[in-house]
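Coordinate inspection notes
Chain by chain, the residues:
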Amino acid sequence: MTKLLQEKTALITGGSRGIGRDMVLSFAKQGADVAFTYRSNAEMAGAVAKEAEQYGVKVMAIQSDASDYTAAEELIKEVVEGLGRIDILVNNAGITKDNLMLRMNEEMWDAVINVNLKSVFNLTKHAMRTMLKQRSGSIINVGSVVGIFGNAGQANYAASKAGIIGFSKSIAKEVGSRGIRCNVLAPGFIATDMTEELGEDTIKAYEASIPLKTLGKPQQVSDAAVFLGSDMSTYVTGQVLSVCGGMSM
Ligand code: NAP
């Protein structure tokens, strides 16, 4: 069977856990050579790399802070040297630092904006030269349904994810003529370490409000990322694809 990402290369930020980890494995399974980053957990990243290599593709696990502009420049150089090109860039790395506005301090605001939004600028900016030379590329920015409809206690997170939408639509308009696409993948509530922090009662309440009545799985987000990275979506750009069990209707 033909693999959907055969002969493509991908760079995925935040691939050591959660949705990013699943994307690394799904992309490898679909035939892509994959580079991925992590912030701190080298052991976990090594285990993901080992698992992905079993699909017979090249895998690079690189420690790199996505919020650091210079580190992003070095990362792109390393990936291009290692894999030859970058067909798909997935800006997935993200954090939460939730609190109501009265209790949200400057550090919580800056950290979330830097890791979730500035990182998207950093990586897109430095990958752009390579994609322009190739005259092709698919950029997938991981947003959130919270960036579409907001959430009490997540003003910093929602602002970062809403910012990703404006950024991605602008990039889609700027480089569409050069064969580069840019879309947002907006997960709803997906079972990962990030949502585990919410506690059982909150999770149950969310499940009741989701039309499909259950939290999503990382794999369900990865499937959409494979679509956006593949040649199945060559006429799709500037869009927000929600994978949320119907939450964002
Ligand atoms: P997660 O389980 O907490 O994993 C986060 C990943 O990002 C880890 O690999 C982590 O690396 C990495 N990371 C964190 N800060 C980083 C940095 N500064 N530079 C590079 N890597 C960094 O998160 P997740 O739930 O999979 O979320 C992935 C993306 O989906 C995020 O953008 C999140 O906002 C978005 N999202 C998630 C949900 C959800 O319900 N889970 C819903 C909507 C959107 P280390 O392991 O080294 O820390």
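Description of the structure in this document. Only a predicted model underlies this, so the values are computations on that prediction, with no experimental measurement involved.

1. Side note on the environment of Val-236
- In this structure, Val-236 sits in the loop between helix H9 (218-229) and strand E7 (240-243).
- The exposure class of Val-236 is partly exposed, given its relative accessible area of 23%.
- With 98 residues separating them in the primary sequence, Val-236 and Ser-138 have C-alpha atoms 9.8 Å apart.
- Excluding anything up to four places from it in sequence, Val-236 contacts Arg-181, Asn-183, Phe-227 and Leu-228.

2. A few points about the sheet that holds E7
- Read across the open sheet, the seven strands follow the order E3-E2-E1-E4-E5-E6-E7; overall the sheet is parallel. The outermost strands of the open sheet, each flanked by one partner alone, are strand E3 (59-63) and E7. Within the sheet, the average angular offset between the axes of one strand and its neighbour, ignoring direction, is 15°.
- In this structure, strand E5 (residues 137-142) lies alongside strand E6 (residues 180-187), joined through six bridges in parallel fashion. The partner of Gly-137 across the bridge, within E6, is Ile-180.
- This element, helix H3 (residues 69-83), spans strand E1 (9-12), strand E2 (33-38) and E3 of the sheet and lies at about 165° to E3.

3. Describing unusual backbone geometry
- Positive phi values are uncommon outside glycine, yet Glu-7 reaches one of about 65°.
- The phi dihedral of Lys-213 is positive, around 65°, even though this residue is not glycine.
- As for its placement among the helices and strands, Lys-213 is situated in the loop between helix H8 (200-209) and H9.

4. Some points on the packing of aromatic side chains
- Taken as a whole and assessed by the stated rule, the structure comprises two aromatic pairs.
- Ring geometry for Tyr-69 and Phe-121: centres 5.9 Å apart, planes at 15°, overall stacked. Placement of Tyr-69 in helix H3 and of Phe-121 in helix H4 (residues 106-134) is noted, with a sequence separation of 52 residues between them.
- With relative accessibility at 37%, the residue Phe-121 sits in the partly exposed group.
- Pairing Phe-189 with Tyr-206 gives two aromatic rings, centres 4.0 Å apart and planes at 25°, and the pair type is stacked. Remark: Tyr-206 occurs in helix H8 and Phe-189 occurs in the loop between E6 and helix H7 (193-196); sequence separation between them is 17 residues.
- By relative accessible area, Phe-189 is classed as buried at 13%.

5. Focus on the site of the ligand
- With respect to spatial proximity, 31 residues lie near the ligand, and among them Ser-16, Ser-40, Asn-92, Tyr-157 and Thr-192 are the closest.
- Measuring from a nitrogen atom of the ligand, one finds a side-chain N or O atom of Asp-65 at 2.9 Å.
- At 2.9 Å from a nitrogen atom of the ligand is found a main-chain nitrogen or oxygen belonging to Ala-66.
- Against a free-state accessible area of 900 Å², the protein chains account for coverage of 97% of the ligand.
- Taking a 2 Å distance to the grid points as the criterion, the majority of the atoms of the ligand fall inside the largest pocket.
- Those elements that provide at least two residues to the shell around the ligand are helix H1 (18-29), helix H6 (155-175) and H7.
- By residue number, the principal contributor to the shell around the ligand is H7, which donates three residues.
- Among the residues making up the shell around the ligand, the classes are represented as twelve nonpolar, 14 polar and five charged.

6. Some details on the pattern of salt bridges
- Summed over the entire model, instances satisfying the criterion amount to five salt bridges.
- Among the ionic pairs, Asp-231 bridges to Lys-8, the shortest N-O distance being 3.0 Å. On the criterion of sequence distance, the pair formed by Asp-231 in the loop between H9 and E7 and Lys-8 in the segment before E1 is long-range, its members being 223 residues apart.
- Glu-51 is the partner of Arg-21 in a salt bridge, and the nearest nitrogen-oxygen pair spans 2.9 Å. Here Arg-21 is found in helix H1, whereas its partner Glu-51 is found in helix H2 (residues 42-53), with 30 residues between them in sequence.
- Arg-21 sits in the partly exposed class, given a relative accessible area of 29%.

Cut-offs used in this document
- Residues numbered from 1 in each chain as written.
- Predicted model: local features only at pLDDT ≥ 70, side-chain atom pairs only at ≥ 80, totals over all residues.
- Heavy atoms only, no water.
- Helix = DSSP H or I, 4+ residues; strand = E, 2+ residues; numbered from the N terminus.
- Buried < 20%, exposed > 50% of the residue type's maximum accessible area, 1.4 Å probe, protein only.
- Contact = heavy atoms within 4.5 Å.
- Pairing = 2+ DSSP bridges.
- Axes fitted to C-alpha atoms, helices over the stretch in contact; angles between N-to-C directions.
- Phe/Tyr/Trp six-rings, centres within 6.5 Å; stacked < 30°, edge-to-face > 60°.
- Near = heavy atom within 4 Å.
- Polar contact = N/O pair within 3.5 Å; in protein donor to acceptor, adjacent residues only side chain to side chain.
- Areas by Shrake-Rupley, 256 points an atom, 1.4 Å probe, with all protein chains shown as cover.
- 1 Å grid on protein atoms, 1.4 Å probe; cavity = no way out; pocket = protein on both sides within 12 Å on 5 of 7 lines; lining within 4 Å.
- Sits in = over half its atoms within 2 Å of the grid points.
- Nonpolar A, V, L, I, M, F, W, Y, C, P; charged D, E, K, R; others polar.
- Salt bridge = Lys/Arg side-chain N within 4 Å of Asp/Glu carboxyl O.

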